[in-house]
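Summary of structural features
These are the residues of each chain, in order.
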Amino acid sequence: MTLDEQQAREKAQHLYDTYTSRGDVLNYFSTLYQQAQGDASAIPWADQQVNTHFKDWAERQQLQGNNRRALVVGCGLGDDAEYLASLGFQVTAFDIAPEAIEWSKRRFPETQVHYEAANLFALPQAWQQTFDFILEIYTIQTLPHELRSRAMECISLCLAPDGNLLVICRGTENEERDGKIPSPLSRQSLSVFQSCGLQEVAFDDFYDQEEPPRRRFRIHYHLSNTPSNS
Ligand SMILES: C[S@@+](CC[C@H](N)C(=O)[O-])C[C@H]1O[C@@H](n2cnc3c(N)ncnc32)[C@H](O)[C@@H]1O
């Protein structure tokens, strides 16, 4: 039986509550993918297409990989990673859930993407300062608030000098700590990226076309080639 979005969200929230009450949120993701047993309708965020806010941005920027290295954070079922590969990036895509990684490989058997099960909070050292483009869509907003600053620091560490980071998330003025996921981010909390030395190139604040419309942030950061003096 396929689930509608509301049913999938309610089931996922219930599972999330169970895991957070045990202080074991990171295993929630793996269990959710496991329980879905290949049915994407059970994964609330898995629409099995490239994120439209990312694609619109990439088209406007005329984003081209030219064999540069890209990293996709919390890649889920792989659509955004595959799109980046189609633009000519050498893509590494990781997710904490091995089930999501295996699922992506099954969906894209001819893939050029290097998919890897990895925890954002314990990434290989070889990834530090390595990637020319990093894409983060909707991972931070599913993490408990107390893990978010560290998540942003770990992402920033992977960016190579002169690299670009694109973050897409739900947006809000004031963050709620009510245990609901996804839980939107404020501009203030995103400033951790700037504390890590990244410059904000553009901050888009908009409502999407969903019913009801949801506020989203899409932020483009750049890491300068030269250390800043400030
Ligand atoms: C809301 S989903 C978004 C997936 C995908 N980016 C998308 O937009 O469809 C968040 C993803 O991040 C992964 N994730 C959560 N915590 C993680 C961590 N610590 N390290 C790596 N991946 C993580 C989850 O397994 C999940 O696939």
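Report on the accompanying structure. (Residues numbered from 1 in each chain as written. Predicted model: local features only at pLDDT ≥ 70, side-chain atom pairs only at ≥ 80, totals over all residues. Heavy atoms only, no water.)

1. Quick notes on the nonpolar core
To be explicit about the condition: For this analysis, a nonpolar core means a set of buried residues of the types Ala, Val, Leu, Ile, Met, Phe, Trp, Tyr and Cys, connected via side-chain atoms within 4.5 Å. Any residue under 20% of the maximum accessible area for its type is buried, any over 50% is exposed, and the rest in between are partly exposed; the area is computed with a 1.4 Å probe on protein chains only. Working definition: helices are DSSP H or I runs of at least four residues, strands are E runs of at least two. Numbering for both runs from the N terminus. The criterion used for residue contact is that any of the two residues' heavy atoms lie within 4.5 Å.
Among the nonpolar cores identified, the biggest contains 51 residues, and Tyr28, Ile134, Leu165, Leu190 and Phe193 are the most heavily contacted of them. Among the elements that line this core, the one with the most residues is helix 2 (residues 25–36), at six residues. Each residue touching Leu165, except ones within four places of it in the same chain, is listed here: Ile134, Ile155, Leu159, Phe193, Leu198, Ile219, His220 and Tyr221. Listed in part, the 23 residues of the second largest apolar core include Ala70, Cys75, Ala81 and Val91.

2. Some details on the side chain of Asp95
Where we set the bar: In summary, the charge assignment counts Lys and Arg as positive and Asp and Glu as negative, without counting His or the chain termini. Here, a salt bridge means any Lys or Arg side-chain nitrogen found within 4 Å of an Asp or Glu carboxyl oxygen. Throughout this description, a polar contact denotes any pair of N or O atoms lying within 3.5 Å of each other; where both atoms belong to protein, one of them has to be capable of donating a hydrogen while the other can accept it, and for residues adjacent in sequence the pair is counted only when both atoms sit in side chains.
Following the sequence through the fold, Asp95 ends up in strand 2 (residues 90–95). It turns out Asp95 is buried and unbridged, and the closest side chain with the opposite charge, Arg107, is 11 Å from it. A polar side-chain atom of Asp95 sits 2.9 Å from the main-chain amide nitrogen of Gly76.

3. Things to note about the environment of Tyr115
Mapping Tyr115 onto the fold places it in strand 3 (residues 114–117). Through-space distance from the C-alpha of Tyr115 to that of Asp95 is 8.2 Å; in sequence the pair is 20 residues apart. Once you skip the residues sitting within four places of it in the chain, Tyr115 turns out to touch Cys75, Gly78, Ala81, Glu82, Ala93, Ile101, Ser104, Lys105 and Phe108. In this structure the side chain of Tyr115 is engaged in a polar contact, spanning 2.6 Å, whose partner is the side chain of Glu82.

4. Quick notes on the site of the ligand
To keep things clear, this is the line we draw: Only a single heavy atom is needed: when it lies within 4 Å of a molecule or strand, its residue is near that molecule or strand. Computed with a 1.4 Å probe, the accessible areas rest on the Shrake-Rupley method; for each residue, only the protein chains presented here act as cover. Under this grouping Gly is polar, as are all residues other than the nonpolar Ala, Val, Leu, Ile, Met, Phe, Trp, Tyr, Cys and Pro and the charged Asp, Glu, Lys and Arg.
Neighbouring residues of the ligand: 18 residues in total, closest Tyr33, Gly74, Asp95, Leu120 and Ile137. Take Tyr33: an N or O atom from its side chain is 2.6 Å from an oxygen atom of the ligand. Within the backbone of Ile96, a nitrogen or oxygen atom sits 3.0 Å from a nitrogen atom of the ligand. In isolation the ligand offers 590 Å² of accessible surface; the protein chains occlude 95% of this area. Mapped by element, the contributors of at least two residues to the shell around the ligand are helix 2 and strand 2. Ranked by residues supplied to the shell around the ligand, first place goes to helix 2 with three residues. Along the lines of polarity and charge, the residues of the shell around the ligand split into twelve nonpolar, five polar and one charged.

5. A look at helix 2
In an α-helix, one turn spans 3.6 residues, which is why side chains three or four residues apart end up on the same side. Spelled out, the test is: To estimate how far a helix should extend, the number of its residues minus one is multiplied by 1.5 Å.
With twelve residues, helix 2 extends 17 Å from end C-alpha to end C-alpha; this agrees with the ideal 16 Å at 1.5 Å per step. Considered for burial, the residues of helix 2 that qualify are Val25, Tyr28, Phe29, Ser30, Thr31, Leu32, Tyr33 and Ala36. Tucked inside the fold, the buried residues of helix 2 contact helix 1 (5–21), strand 2, helix 5 (98–107) and helix 6 (145–157). With its phi angle positive at about 50°, Gln37 sits one or two positions after the end of helix 2.

6. Details of the pattern of salt bridges
Under the counting rule described, the total for this entry stands at twelve salt bridges. When the shortest N-O distance is used, the salt bridge between Asp208 and Arg216 registers 2.8 Å. For the pair formed by Asp208 and Arg216, the shared burial category is buried. Three or more residues are tied together by salt bridges with common partners; here these are Glu5, Arg9, Asp208, Glu210, Arg214 and Arg216.

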